[in-house]
Amino acid sequence: MTDIQLYSQISSLPSDLKKQVSDFVSSLKKKSKAGKKLKERQFGYAKDFFKMSADFDEPLEDFKDYM
């Protein structure tokens, strides 16, 4: 549907329905703006969230046959 077709359909509505369409468009705009807000990432937010063992980089026993 083009903008002109949409405008023609809205123009043919009675004024009380035009008000409802206007309110609906406003609510869609608010919802669209609310969805775009992203939280700013903070450096170090996940610090100490993951624990790695001291031997993390050591070869695994399971792969000794391949070395």
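Residues numbered from 1 in each chain as written. Predicted model: local features only at pLDDT ≥ 70, side-chain atom pairs only at ≥ 80, totals over all residues. Heavy atoms only, no water.

When helices and strands are tallied, the protein chain shows two helices and zero strands. The globule rule puts the C-alpha radius of gyration for 67 residues at 11 Å, and the 29 Å found for the protein chain is more than 25% above it. For the protein chain, the spread of C-alpha atoms along the three principal axes comes to 80 × 30 × 15 Å. Of all 67 residues assigned to the protein chain, the portion counted as buried reaches 0%. Counting only carbon and sulfur atoms, one obtains 57% of the accessible surface of the protein chain, whose full area is about 7,500 Å². Of note, the protein chain has its 13 positive side-chain charges centred 21 Å away from the centre of its 11 negative side-chain charges. (Helix = DSSP H or I, 4+ residues; strand = E, 2+ residues; numbered from the N terminus. Rg over C-alpha atoms; globule rule 2.2 N^0.38 Å. Buried < 20%, exposed > 50% of the residue type's maximum accessible area, 1.4 Å probe, protein only. Areas by Shrake-Rupley, 256 points an atom, 1.4 Å probe, with all protein chains shown as cover. Lys, Arg positive; Asp, Glu negative; His and termini not counted. Charge placed at Lys NZ, Arg CZ, Asp CG, Glu CD.)

With that out of the way, let us pick up the pattern of salt bridges. Overall, the coordinates contain two salt bridges when judged by the stated rule. Of the charged contacts in the structure, one is a salt bridge between Asp-23 and Lys-19, with a shortest N-O distance of 2.8 Å. With Asp-23 and Lys-19 both in helix α2 (residues 15-36), this residue pair falls four residues apart, about one helical turn. Classification of Asp-23 as partly exposed rests on a relative accessible area of 39%. Lys-64 is the partner of Glu-61 in a salt bridge, and the nearest nitrogen-oxygen pair spans 4.0 Å. (Salt bridge = Lys/Arg side-chain N within 4 Å of Asp/Glu carboxyl O.)

With that out of the way, let us pick up a nonpolar patch on the surface. Where nonpolar side chains cluster on the molecular surface, the patch consists of Phe-24, Val-25 and Leu-28 and spans about 270 Å² of accessible area. Following the sequence through the fold, Phe-24 ends up in helix α2. (Patch = residues over 30% accessible without salt bridge, like charges linked within 9 Å, V, L, I, M, F, W, Y side chains within 5 Å.)

Another aspect to go through is the environment of Ala-46. Its location among the elements puts Ala-46 in the segment after α2. On the accessibility criterion, Ala-46 (40% relative accessible area) is partly exposed. Sequence spacing of Ala-46 and Leu-28 is 18 residues, and the spatial spacing of their C-alpha atoms is 35 Å.

For the rest of this paragraph, the subject is the packing of aromatic side chains. Counted according to the given criterion, the structure contains two aromatic pairs. Where Phe-49 meets Phe-50, the ring centres are 4.9 Å apart and the plane angle is 85°; that geometry is what we call edge-to-face. Each member of the pair Phe-49 and Phe-50 is classed as exposed. Centre to centre, the rings of Phe-63 and Tyr-66 are 6.3 Å apart; their planes meet at 50°, and the pair counts as tilted. (Phe/Tyr/Trp six-rings, centres within 6.5 Å; stacked < 30°, edge-to-face > 60°.)

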